[in-house]
Amino acid sequence: MFFAVVFLLVTTVTFVSGTFCPGGAAPEKKAKPTAEKDTGAVNDANLQSSQKRVDELLKKNEYVTSLRTSLKINEYTREVLATVKVIKGHYEKAVNDPAVPTKDKEQLYLKLKGLNQLIPRYTTAYENSLYNLGYIYAKRNESERARKYLTEYLQTTPFSTSRDSKWMKAKTLLLELYSLEGEF
């Protein structure tokens, strides 16, 4: 019986000391690991603000954050433009198909008008992301990646003779990366 009472007393003391902390403080809870959300996703609602943020970061020479955001802008705008191109092609075929009812063609004309308004906006954002990525990679001394984006930028944007144009800045930066500055 004595052993049973001692056992009960030891068990009670162990339970109470494990449950309550001295000073009336509650026991510490272990933090549960949580999955981080990617709150920096680019979409139509925040595309312009994301572009402005990249411009502000580049003025401060913050290349890591501006790189991540520029890559997201580039990927998002590239995907949107590819999607729009596919849908536009189908709509144009349907509009020219004599088997499609006139009522449906009218709806498709309206949708085509909307798509045609999206294309310039997303093209401009895509081109800006190409330039920014080329610039950022050049500043980070990642010449191969910089050349890739700057070359694509020069191929996709209209030629400009203005010295202050992004086209000329991209050309100059690209030539510097090839150690051909001043050559042409």
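None of these values were measured; they are calculated from a predicted model.

Undergrad: Even after reading the chapter, I still don't get the overall build of the chain, so can you show me in this structure?
TA: From N to C terminus, the chain includes six helices and zero strands. For the chain, the residues scored as buried account for 29% of the 184 residues in total. If you take every contact in the chain between residues at least 6 apart in sequence, the share linking residues at least 24 apart comes to 58%. In the form shown here, the chain has an accessible surface area of approximately 13,500 Å², with 57% of it arising from carbon and sulfur atoms.

Undergrad: Before we go on, may I ask you to explain helix H2 (residues 47-59) in this structure?
TA: Along an α-helix, residues three or four apart share an orientation, since each turn contains 3.6 residues. With 13 residues, H2 should cover 18 Å at 1.5 Å per step; its first-to-last C-alpha distance of 19 Å lies within 8% of that length. Looking at H2, one finds that the buried residues are Leu-47, Ser-50, Gln-51, Val-54, Leu-57 and Leu-58. Axial view of H2: buried residues confined to an arc of 125°, hence all on one face. Exposed and oriented more than 90 degrees from the buried face of H2 are Gln-48, Lys-52 and Lys-59. Where the residues of H2 are buried, they touch helix H3 (63-96) and helix H4 (102-139). The first or second residue beyond H2 is Asn-61, which carries a positive phi of 60°.

Undergrad: Looking at this model, I keep getting lost on the confidence of the model for the chain. Mind explaining?
TA: Close inspection of predicted coordinates is inappropriate for parts of the model with low pLDDT. On average, the chain scores 84 in pLDDT, and the residues at 70 or more come to 78%. No element of the chain has a lower mean pLDDT than helix H1 (residues 2-19), at 41, and none a higher one than helix H5 (residues 143-156), at 98. Ignoring residues within four places in sequence, the model shows residues 1-38, a span with pLDDT below 50, making four contacts including any to other chains.

Calculation notes
- Residues numbered from 1 in each chain as written.
- Predicted model: local features only at pLDDT ≥ 70, side-chain atom pairs only at ≥ 80, totals over all residues.
- Heavy atoms only, no water.
- Helix = DSSP H or I, 4+ residues; strand = E, 2+ residues; numbered from the N terminus.
- Buried < 20%, exposed > 50% of the residue type's maximum accessible area, 1.4 Å probe, protein only.
- Contact = heavy atoms within 4.5 Å.
- Areas by Shrake-Rupley, 256 points an atom, 1.4 Å probe, with all protein chains shown as cover.
- Expected span 1.5 Å × (residues − 1).
- Arc of directions from axis to C-beta.
- pLDDT = per-residue confidence, 0-100.

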